Structures are given as C-alpha cells and as structure tokens.
Amino acid sequence: MANLIKLRKGLDIKLEGAAVETKVEVWKCKEYALQPDDFTGVVPKVVVREGDHVKAGEPLFVDKNCPEVRFASPVSGEVSAIVRGDRRKVLCVKVKADAEQEYADFGKKDVTALTGDEVKQALLEAGLFGYINQLPYAVATSPLTTPKAIFVSALRDMPLAGKFEYELQGNEEAFQTGLTALSKMAKTYLGIGLLQVNEVLHKAKDVDVNIFDGPCPAGNVGVQVNHIDPVNKGEVVWTVDPTAVIFFGRLFLTGHVDLTRTVAIAGSEVTNPAYADVLVGTPLSVLFEGRLAQKEHVRLINGNPLTGRKDTLDGYLGAHTSEVCAIPEGDDNDEMLGWIMPRMKDFSTNRSYFSWLFPNRKYRLDARVKGGERHMIMSGEYDSVLPMDILGEYLIKAIITGDIDRQEQLGIYEVSPEDFAVAEFVDSSKLELQKIVREGLNTLRKENA
C-alpha cells in the first residue's frame, strides 16, 4: 500500500501554453552537443579531439576529479567542435551525426541477477552514472559515495512542465528495469502525484511508492526527501530524474545507450504546444522551428519558467531538461500607471489585482521582475510556499552572511536551488534565491572537501 503524504504549502502557477498530449515530428539534426554545465559539480576533461569518430554511448568527456565517471555521446559521428569559454572552460562538445547511427555495445544484462556494484559498474562504463545527483550539495554524485537511499520523483508540477506519465507511454518496461537496477544499489523511493493514475507508477516493483498530494513544489525531489528520510550531516542520498531511470533501463534491456526523451515544447509564445521525441543535445532551433508566434521580444527557456535557464536558438537541449518554453520577454510593454491600475489579467499572490476572483484562470506572464532588489523582508513569504521542515528566510540570511554553522543548523544539507524557485517567484525583495542557495552549497562543498 502506497503511503499518502499531504502538503499544504506551495503555489500552483497556471500559465498559458501547456503542451497538449500529442507528438510532433522534429527534423533530424545534423549536429548535437553535450554540455558539461548540465551536470552540476562536474569538472570536465575532454577525452576526444576534433575530427575523432565516436559511437553513441562512447565518452566525450569525463569528470576530472573522478575519471571513471564518463559522459556518453548521444549520437555517433564526427566530433566537429570543442567549444570553450573564458579561461578555456568547456562549454560543449559538438558531434556531427552519421546518417546511419552506430552504437557502442555494452551487452544486455538481467538486472535481477546483478549486484549493486555490478549495476554501478555498468552505468559507469556506459557513461550514464553522471545522470545521478546527490544531496547534500545538489550536484552530480561520485561512485565513491554510499547513499542511504535513492529517490526518484515522477511528479512534475512546475509551470509548463512536461508530464512524465505521457513520456512513460511505451517506456514502461525500461522504467521498471531502471528502478530495479537502482534498488540493487540502495533502498529506492518513488514519489508520484495523487492525480497520476498510471498503474506502472502505482504498482512499481522493488521500490517504496509514496503519493504526494499538494501544490507545487510537491514534485521536487528535495521536498520528498525532506518528508520521507531527511538528510543529516554526514549522510548522502542519491536523486535520479525519472527520464534517466528510463535511460538506465534501456541500457540493460538493449545493451545500448539511447538518450531519447519526450520533451514538451510549451509557452504562450508557442503555436500549438505539444511534445516531441528528441535526443539530449538537440539544437533548440530545431525544436522551435516554425513554432514561435513571434521572434522578437521572446524569452526562450531551456527548462521550465521557474528553474530553467535563459537560452537562445543557438542553444542545445539540456541533459535534465523535460520542457523548453517560450514566454514574452516583456521589454516592449508600456503600462499606464504601472502596478497601481486594477488589473484582471495579471497574477498576484497577495490579491493586489482582481484576478484572484478567477482561481482557474491561466496567465500569459512575461519575464519581467517588476521591481528592483531591496532589503530582505522577514514576512513569512518563503515559509508559506516552502513545504519543508526548515526556516527558509533564516537559511537565506545565513547563506548571505556566510555563517556556515548557522546554515548547517538550519538544514542546508537538505535543500537544492530548485526548492526555492516558488519562494523566489513570490519574494517581494526580488532576491535571486536559487543563485544564493547554489553559491551557498558550493561554498559549503569546498569547506567540507
């Protein structure tokens, strides 16, 4: 019997342009790219040269601090470019795809007969282990860590997020195989939503299923960890995106690395929002081709509007990205009397506008911050939308002041930047909370190294 956990804190932000459950064809791309920045905490060391030929599944780069952690190419082809930025930082490795794809063969395996160490070794060899993250620090984990548990959240409730239930269709066997593989390494928990009815989720084998009932961010894996098995100092839990679980399952079932994922193309500036089956590293220009209502004054987001990163048509689909969005930039708006006008089409969490009378209305919000950064107000805003047993406002203050002892006492080991996404949205002080949390986690990781 699945355990039901009810959450009351949070905020569902209803935006126009959610993807409808239908798939569109995407043109085959000539070039793909894998970006090290998609794997937080990894220091990349490129192991290929321009002109080299790689098969799908062969490594493009490794983690310099742990070379056995490899990162597999999504396609076979010729390495066309190694793009570097300031101080020779590796931004991406591009591969010009072959007309006929070749796959590195890692051999089919029966996961039920494998040990945890054998599962780990198989993921390392295939370049997929880097898709496993960890708490504390919310970074790509190391095979040297020993987790007390593994958490998978199949609930995506961020604005415009792609529904995992739709992605699961046709991938049921691979998903269950991936869960079984994870359960070999540590006790595994699967978090699902109350409204998710897929039997594959409710009757998943080899894992503990927990049902979460509540508003966003109930789907955040960090929130689920906090309510099931909180992380204390010195402890480690692994967290895995449900799509990565499918990647793992395909590896054991076929012996090949297949990084195909179902991505939502969404947002109020997208005509006919829908889903597409594409590879990690697909150019955004291909995903948005012919689908933008306008090309000027549009914010393209690699991810969802709350946690994704601002991007351009020259960008590439992120390794952990389940949706790409297009919303108005807002830089061409000229509103009479600004915020003081009574409005019916603007969203407000504190009933500043009459739109609160229509709770089911969807909004066409733009990317404007609508105000400048100011002193932090201890108003309880964060706590009202943060369903975790931590004092969010006091934790943010401790991070800003660099008080490491205070951060540890307030539960920094339990959080990741995305847990503060909704709090950042409602924050009247206009602070970049996710950036603050990430900097705090990075500092703590260095101090504890």
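Above this text is the structure in question.
A.B. asks: So what about the pattern of salt bridges? Which residues, and what values?
C.D. replies: Two side chains with opposite charge may pair up if their charged atoms get near one another. Applying the stated criterion across every chain, the model contains 18 salt bridges. Here Lys203 makes a salt bridge to Glu199, at a shortest N to O gap of 3.8 Å. Both residues of the pair, Lys203 and Glu199, count as exposed. A salt bridge links Lys233 to Glu408; its shortest N-O distance comes to 3.4 Å. With a gap of 175 residues between them, Lys233 in the loop between helix H5 (221–228) and strand E14 (237–240) and Glu408 in helix H10 (residues 404–409) connect regions that are remote in the sequence. Note on Lys233: relative accessible area 55%, which makes it exposed.

A.B. asks: Quick one: what's the story with the sheet that holds strand E3 (residues 44–46), residue by residue and with numbers?
C.D. replies: Read from one edge to the other, the open sheet built from 3 strands follows the order E3-E5-E6, with strand pairing classed as antiparallel. This sheet does not close on itself; its edge strands, each paired only once, are E3 and strand E6 (66–72). Each strand axis lies, on average, 35° off the axis of its neighbour in the sheet, ignoring direction. As judged from the 4 bridges shared by strand E5 (residues 59–63) and E6, these two strands associate in the antiparallel manner. Its bridge partner lying in E6, Asp63 is registered against Cys66.

A.B. asks: Provide a residue-level description of helix H9 (residues 392–401), including the pertinent values.
C.D. replies: Every buried residue belonging to H9 is among Gly392, Glu393, Leu395, Ile396, Ala398 and Ile399, and all of these are buried. Turning to H9, the residues buried within the fold contact helix H8 (381–385), H10 and helix H12 (433–448). Downstream of H9 by a residue or two, Gly402 has a phi angle that is positive, lying close to 75°.

A.B. asks: For the nonpolar core, give the residues involved together with the corresponding values.
C.D. replies: Formed by 82 residues in total, the largest nonpolar core has its most connected members in Leu123, Leu128, Tyr131, Leu190 and Phe248. Formed by 55 residues, the second largest nonpolar core is a distinct cluster that contains Leu15, Ala161, Cys216 and Val231.

A.B. asks: Talk me through the packing of aromatic side chains; I want residue IDs and the actual numbers.
C.D. replies: For the structure on display, the rule yields 11 aromatic pairs. The interplanar angle of 75° and the centroid separation of 6.2 Å between the aromatic rings of Tyr137 and Tyr413 together place this pair among those described as edge-to-face. With Tyr137 in the loop between strand E9 (132–135) and strand E10 (139–140) and Tyr413 in the loop between H10 and helix H11 (421–426), this pair connects stretches of sequence that are 276 residues apart. Ring plane angle 65° and centroid distance 5.3 Å describe the contact between Phe347 and Tyr363, whose orientation is recorded as edge-to-face. A residue pair is termed long-range when its members are at least 10 positions apart, and Phe347 in the loop between strand E19 (323–328) and H8 and Tyr363 in the loop between E19 and H8 qualify at 16 residues. For Phe347, a relative accessible area of 22% corresponds to the partly exposed category. Of note, Lys23 hangs over the ring of Tyr166, and the distance from its end group to the ring centre comes to 5.7 Å. We note Arg361 situated over the ring of Phe358; from NZ or CZ to the ring centre the distance is 4.6 Å.

Rules behind the numbers
- Residue positions are counted from 1 within each chain, in the order its sequence is given.
- Two thresholds apply to this predicted model, a pLDDT of at least 70 for residue-level local features and 80 or more for giving and counting side-chain atom pairs, whereas whole-chain, interface and lining totals are computed over all residues.
- Hydrogens are left out, water is left out, and the side-chain values use all remaining heavy atoms of the structure.
- Within this document, salt bridges are pairs made up of a side-chain nitrogen of Lys or Arg and a carboxyl oxygen of Asp or Glu, the two lying within 4 Å of each other.
- Burial status follows relative accessibility: with a 1.4 Å probe on protein chains alone, a residue under 20% of its type maximum counts as buried, one over 50% as exposed, and anything between as partly exposed.
- Numbering of helices and strands starts at the N terminus; helices are DSSP runs of H or I of at least 4 residues and strands are runs of E of at least 2.
- The criterion for strand pairing is that DSSP finds at least two bridges linking the strands in question.
- Only C-alpha atoms enter the line fits that serve as axes; for helices the fit covers just the stretch in contact. Angles between N-to-C directions range over 0 to 180 degrees.
- The contact criterion used is simple: two residues touch if any of their non-hydrogen atoms lie within 4.5 Å.
- Put simply, a nonpolar core is a bunch of buried Ala, Val, Leu, Ile, Met, Phe, Trp, Tyr and Cys residues held in one set by side-chain atoms that sit within 4.5 Å of each other.
- Pairing of aromatic rings covers Phe, Tyr and Trp, the last counted by its six-membered ring, and requires centre-to-centre distances within 6.5 Å; plane angles under 30 degrees mean stacked, over 60 mean edge-to-face, and any other angle means tilted.
- Counting as a charge over the ring demands two things of the Lys NZ or Arg CZ atom: a distance within 6 Å of the ring centre and an angle within 35 degrees of the ring normal.

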